[in-house]
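# Fold and geometry: a report
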Number of protein chains: 2
Amino acid sequence: MDIEQYMQQLGRQARAASRAMAKADGATRNRALTLIAAAIVRDADLLRAANRLDLDAARANGLAPALLERLTLSDGAIATMVEGLTQIVALADPVGEISGMKFRPSGIQVGQMRVPLGVIGIIYEARPNVTIDAAGLCIKSGNATILRGGSEAIHCNRALAKLVKEGLAGAGLPEDAVQVVDSTDRAAVGALITMPQYVDVIVPRGGKSLIARLMEEATVPMIKHLDGICHVYIDALADLDKALAIAFNAKCQRYSPCNAMETLLVARPVAAQVLPKLAALYATKQVELRADAEAHALLAGYPHLAAATEEDWRTEYLAAILSVKVVAGIDEAMDHIDRYSSKHTEAIVTEDYSAAMRFLREVDSSSVMVNASTRFADGFEYGLGAEIGISNDKLHARGPVGLEGLTSLKYVVFGHGEVRN
Amino acid sequence: MDIEQYMQQLGRQARAASRAMAKADGATRNRALTLIAAAIVRDADLLRAANRLDLDAARANGLAPALLERLTLSDGAIATMVEGLTQIVALADPVGEISGMKFRPSGIQVGQMRVPLGVIGIIYEARPNVTIDAAGLCIKSGNATILRGGSEAIHCNRALAKLVKEGLAGAGLPEDAVQVVDSTDRAAVGALITMPQYVDVIVPRGGKSLIARLMEEATVPMIKHLDGICHVYIDALADLDKALAIAFNAKCQRYSPCNAMETLLVARPVAAQVLPKLAALYATKQVELRADAEAHALLAGYPHLAAATEEDWRTEYLAAILSVKVVAGIDEAMDHIDRYSSKHTEAIVTEDYSAAMRFLREVDSSSVMVNASTRFADGFEYGLGAEIGISNDKLHARGPVGLEGLTSLKYVVFGHGEVRN
C-alpha cells in the first residue's frame, strides 16, 4: 500500500470512529482517559526503551541538543503526561451542552447544542508528550484524531499509540478514534492536509516554517498561528511601577513563547523617565535593545544598544532582544501595532480609563490587555483548562484554543407539531 | 488598469475602511443605514430607470423568465429593501459586547469582546435587493464589504452603490466601506476569492455550481452551503396529525428553499398507516413520489409514483418531487441520514422522549429538529433578525448566519499590574 492509500485508509477509519465518539457519553470518554493514564504508568519502562531507540537514532543523525531534549521521555515527562490526562478528566464535558433555548413567535423553541467537530488532524514536532496531550483533548471533546508527530519520535509514538488504543478499547470506544501515522514519509503530511472528506480541521503545532508550508498546500481548514509579534505600549498616564514590572516580565520571564513581547512602545511624555529605569532591569538579563533614534538617545550608555531597522519591527526574536520605539501617544502606538503586529497579543499600561477602553476596542489582536503582561495569553491562564494551540485567525476560534475550539454549535429545535405559514 | 490591479485596489481600500468601521459606534452605523434608506426612497425613479437598462439588455440576451423576475426592481422590491434596512437598524448592536469577564487566580480578569471580522466579500446573482441587504448587514456589524453581484444587474447595482456611499459619507463613515465591483469581467470573482490579505471571508449567495467552482479556487475562507438534502423521519411513536402536517409542510410549503424536505423516512410499524394518508395530501399538489420497494407497494395506485434509484437519495430536487423510504426504526433512519444528508436540516416526528433525545444528539446536521417542519431552518425564524446565508460547515458559523456570524470574539484582559511567575 502506498502512502496515499494508507492515509486514505486512516481517514476512512477516523471518520467512522468519529461517529461512535460523538455518541459516547462523557463518562465513557473519561474512562478511556483514565485507562490510558494507568497504562502509561504500568508501561513506563517500555516507553523509555522505545524512546531510547529514538534518541540513539537522533544522536547518530546529529540532532541539535534542544531538539534532543524535547524528544526525551524523562521520568518527569512521563509523570507530566499522566498528570495532564488526569487534569483533562477533571474538566467539564464540552459535548452536548444545550444553550439559549428560546421560544419563537411560531411556537418552536430554538437554541444550540455543542458538538464535536469530527476528525482533527494534528501535525507536530518530535515531542512524544504532545501525542498524549493531543489524544487526550480529542478524546475528551468527542473527536477522532489522526496524529502526525515528528519522525524522530516514531518508536516512542508507536508505543504510546498502542497504550491509547488499549485505553479506548477498554472503555468500549473504537481504537481508530486515535491513530498515529505509522510512517516517517513526509508525503503523509501532504495527504493529511488535503483530505477534507475525512479531516475537519488541522491543528499544526510547530515552527513558523512548517505552518507557512502547510498554509500553501492545505485544503482542510487550520487552527493555527504563524508568529507572535506582541507589543506593550506604556502610555503617558501609566503607573510607573506597573509599567516597569509588565515590560520586564513580558520580555524576560521566558524568551521563547509566542506571547512574549517583541516591541516596546513608550509615550514621549514619560519616555525619559521610563526608559533608563527599564534599561537597568534589562541590563540584568543582558537584553539587547534595538531602539529608534529617540529611544536610542534616551538609552545612551546602555551596554547592549543598537539602532532599530525597519526589519526589527517585523521580527519575532524569541530571544533576549527587544525593539523599542518612542511614540507621541496612543494613536501612534495603535498605528504602529496595526502595521507590524501579528495580531497575537498586545497590552497597554495606563491609568487613563478612556485610553484603556480605546485600546481594548480598537486593537485588532486575538488578546488585548490593560495593565497585564502579554505572557498571560495562554489557555491555562485564561481558565480554558487545556490548550490545543493558539489561533491568530478570526474565523472560528481566536486566541488560546481549548476544548471548546474542538467543538462547534448546531441548532436544535424543540417543536410541538409546528409548520410554516 | 487591468482587473487584477482594480481588485487589489478595492481590497486595499476595503482594508483601510474596515479599520474606521470597527471603531465607529453603533449610532453612527445606524445613521448610515437610515440615510441609505432615505436615499433609496428619494431616488426610486432613478433606480427603476437604471434597472430598466439592465432588464432591456437581459431580455435582448434572452435571460430566462425566472431570472428576469429576480432582476426586476419593482415598487414592492424597493419598499422591501427600505423595510429591510429599517429592520437592521432596530437590531441590537453586535459589536463591542463584552462577555464572561471572570477573575483568574493570578488576579487578571478575562473575557471576550465581539468584534467585526474585517472585510467581507459577497458574491451573488443578479438580484439588486441583495446589494442593499448585504451592505446593510455588513455596515451594521462594523465590517467593510466588497460586493460582486451578477453582471446582468450592473446598472442597478451601480446606482445603488452611489446611494450607499452617500449614506456612509453622510454619517461620517468611509465611502469605501461598501464597494460594488464595477466590472462584469468574471476574473473579478477569481481575484476576490484569492486575496486573503484584504478579504477575511467570502459569502457566496448563489447556486450550487457557483459555490462548487469557488470552493476549488478560493484561498479566502467561505461561509457557504452547497445543497440542502433535508430529511424528515416519521418514527413509530409519531403523533399522526403532527407527522402528516410536518411532512406535507416540509415538502410543499415552498419547493425551492434549501430547507425543504427532499427525502421522507417512515418507520415500518406505521408506514402502512401513514403513507396512504400522506399520499392523499401530496396528490393535491401533484407531488411525484420516488419510493423504495416497500414504500412503493404501500403507495400502489398513487398517480405520480416512481421507483427510487440510488441517485434519488443524493438529489436535491427543489421541486414537487420527494423520495420516500421505509426504515426499520431510528437507527436505520440515522444511518440513512448519515450517508446521504448534506448536513443542512433534519427532523424527527415522535412522541418517544428517548428517540427525540438520541436524534438531537446523534444527527450531525446544522439544524436538528423534533416535531417541527424543516422549513423553520432560517435566520428570521430562529430570531437572528437577519440572515446573510446558511452554513453547512462546522467551523465558525453553522446553520443560519446572522450578524454574529460576521463577527468574531477576541480575548480581553483587565489587569492591575499583574505579571507571570
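Residues numbered from 1 in each chain as written. Chains lettered and ligands numbered in written order. Predicted model: local features only at pLDDT ≥ 70, side-chain atom pairs only at ≥ 80, totals over all residues. Heavy atoms only, no water.

## Some points on the packing of helix H2 (residues 26-42) of chain A against helix H7 (residues 154-170) of chain A
Residues and elements named next belong to chain A.
- Their axes nearest at 8 Å, the elements H2 and H7 cross at an angle of 140 degrees. The orientation of H2 with respect to H7, classified from their angle, is oblique. As H2 runs across H7, the sense of the crossing is right-handed. Across the interface between the two elements, Ala 32, Leu 35, Ile 36, Ala 39, Ile 40 and Arg 42 of H2 pack against Leu 163, Val 164, Glu 166, Gly 167, Leu 168 and Gly 170 of H7.
- Its residues placed into classes, the contact of H2 with H7 shows eight nonpolar, two polar and two charged. (Axes fitted to C-alpha atoms, helices over the stretch in contact; angles between N-to-C directions. Helix = DSSP H or I, 4+ residues; strand = E, 2+ residues; numbered from the N terminus. Parallel < 35°, antiparallel > 145°, perpendicular 65-115°, else oblique. Left-handed = near helix turned anticlockwise from the far one by under 90°. Contact = heavy atoms within 4.5 Å. Nonpolar A, V, L, I, M, F, W, Y, C, P; charged D, E, K, R; others polar.)

## Re the packing of aromatic side chains
- Under the criterion given, the structure shown has four aromatic pairs over all chains.
- Ring geometry for Tyr 382 of chain A against Tyr 411 of chain B: centres 4.8 Å apart, planes inclined by 40 degrees, an arrangement best described as tilted. With one member in each of two chains, Tyr 382 of chain A in the loop between strand S13 (367-372) and strand S14 (389-391) and Tyr 411 of chain B in strand S16 (residues 407-418) form a pair that bridges those chains. (Phe/Tyr/Trp six-rings, centres within 6.5 Å; stacked < 30°, edge-to-face > 60°.)

## Considering the UniProt feature "domain: Aldehyde dehydrogenase" (unreviewed entry) in chain A
- UniProt annotation of "domain: Aldehyde dehydrogenase" (unreviewed entry) refers to residues 11-288 of chain A when read in the numbering used here.
- Here residues 11-288 of chain A runs as 52% helix and 17% strand, with 48 Å between its end C-alpha atoms. (UniProt positions renumbered as here; feature names shortened; annotations may be inferred.)

## Quick look at the sheet that holds strand S2 (residues 109-116) of chain A
- The strand order S1(A)-S2(A)-S16(A)-S13(B)-S12(B)-S7(B)-S8(B)-S11(B)-S9(B)-S10(B) describes an open sheet built from 10 strands, whose pairing is mixed. Looking at strand neighbours, the two that pair on one side only are strand S1 (98-103) of chain A together with strand S10 (305-307) of chain B, the edges of this open sheet. Recorded for the sheet is a direction-independent mean angle of 25 degrees between the axes of neighbouring strands.
- Where strand S9 (residues 288-291) of chain B meets S10 of chain B, three bridges bridge the pair, whose relative direction is parallel. Paired with Ala 291 of chain B across the bridge in S10 of chain B is Ala 307 of chain B. (Pairing = 2+ DSSP bridges.)

## Some words on the relation of the copies chain B and chain A
- Overlay of chain B on chain A (RMSD 0.0 Å): rotation 180 degrees, translation along the axis 0.0 Å. What the superposition gives is, in effect, a two-fold axis relating one chain to the other. Looking at the rotation axis and the C-alpha trace of chain B, the residue lying nearest is His 396 of chain B, at 1.9 Å.
- Same-surface contact between copies: 100% of interface residues of chain B are shared with the interface of chain A. (Least-squares fit on C-alpha atoms with pLDDT ≥ 70 in both.)

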